[in-house]
Amino acid sequence: MRQEWSTEDLVGSWTLVGEDWRLLGNKSGATRVGFGLLLKFFELEGRFPAGPQELPAAAVA
């Protein structure tokens, strides 16, 4: 996964939309953030990250 993202690509790829919000509905706090990041990573890569270093810092922020 690339680590450098333009603002436009970041918003287009990492923004939670539609059904994503239903899936996050029963999560709270850090669990909600982590689940959202895993969900979008899986959507983009077709797999889960091997570790936190695979998540782009800009997406986490």
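Located above this text is the structure these notes cover.
Predicted model, so just to flag it, every value in this text is computed and none were measured. The residue numbering used here restarts from 1 in each chain and proceeds along that chain's sequence as written. Side-chain atom pairs in this predicted model are given and counted only at pLDDT of 80 or more, local residue features only at pLDDT of at least 70, and totals for whole chains, interfaces and linings cover all residues. The side-chain quantities take in all heavy atoms of the structure and omit both hydrogens and water.

Draft legend 1. Spotlight on the layout of surface pockets. Here a cavity is any set of points on a 1 Å grid over the protein atoms alone where a 1.4 Å probe fits but cannot get out, and a pocket is any open set with protein on both sides within 12 Å along at least 5 of 7 lines; a residue lines the site when it has an atom within 4 Å of a point. Grid points are joined across faces, edges and corners, and a volume is the space filled by probe spheres set on the points. One number sums up the size of the largest pocket: a volume of about 200 Å³. Around the largest pocket sit L10, W14, L16, L24, R32, V33, G36, L37, K40, A58, A59 and V60, which together line it. Comment: elements are numbered from the N terminus, with helices defined as DSSP H or I runs of at least four residues and strands as E runs of at least two. Contributions of two or more residues to the lining of the largest pocket are made by α1 (7–14), α3 (29–45) and α4 (57–60). Among the elements that take part in the lining of the largest pocket, α3 stands out by supplying five residues, more than any other. Lys, Arg, Asp and Glu make up the charged group, whereas Ala, Val, Leu, Ile, Met, Phe, Trp, Tyr, Cys and Pro make up the nonpolar group; the residues left over, Gly among them, are polar. Considering only residue class, the lining of the largest pocket consists of nine nonpolar, one polar and two charged.

Draft legend 2. Quick peek at α3. Expected span of a helix: the number of residues minus one, times 1.5 Å. In this model α3 runs 25 Å from its N-terminal to its C-terminal C-alpha over 17 residues, within 8% of the 24 Å that 1.5 Å per residue would give. Exposure classes here rest on a 1.4 Å probe applied to the protein chains alone. A residue is buried below 20% of its type maximum, exposed above 50%, and partly exposed in between. Buried within α3 are the following residues: G36, L37, L39, K40 and F41. Contacts are assigned to residue pairs that have any heavy atoms within 4.5 Å of one another. In this structure, the buried side of α3 is in contact with α1, α2 (19–24) and α4. Following α3 by one or two positions, G46 has its phi on the positive side, about 75°.

Draft legend 3. Geometry of the environment of S6. On the secondary structure map, S6 appears in the segment before α1. When its relative accessible area of 37% is taken as the criterion, S6 is described as partly exposed. Within polar-contact distance, the side chain of S6 engages the backbone nitrogen of D9 at 3.1 Å. For the purposes of these results, a polar contact is taken to be a pair of N or O atoms within 3.5 Å, where, inside protein, one atom must be able to donate a hydrogen and its partner to accept one; residues adjacent in sequence count only when each atom of the pair is a side-chain atom.

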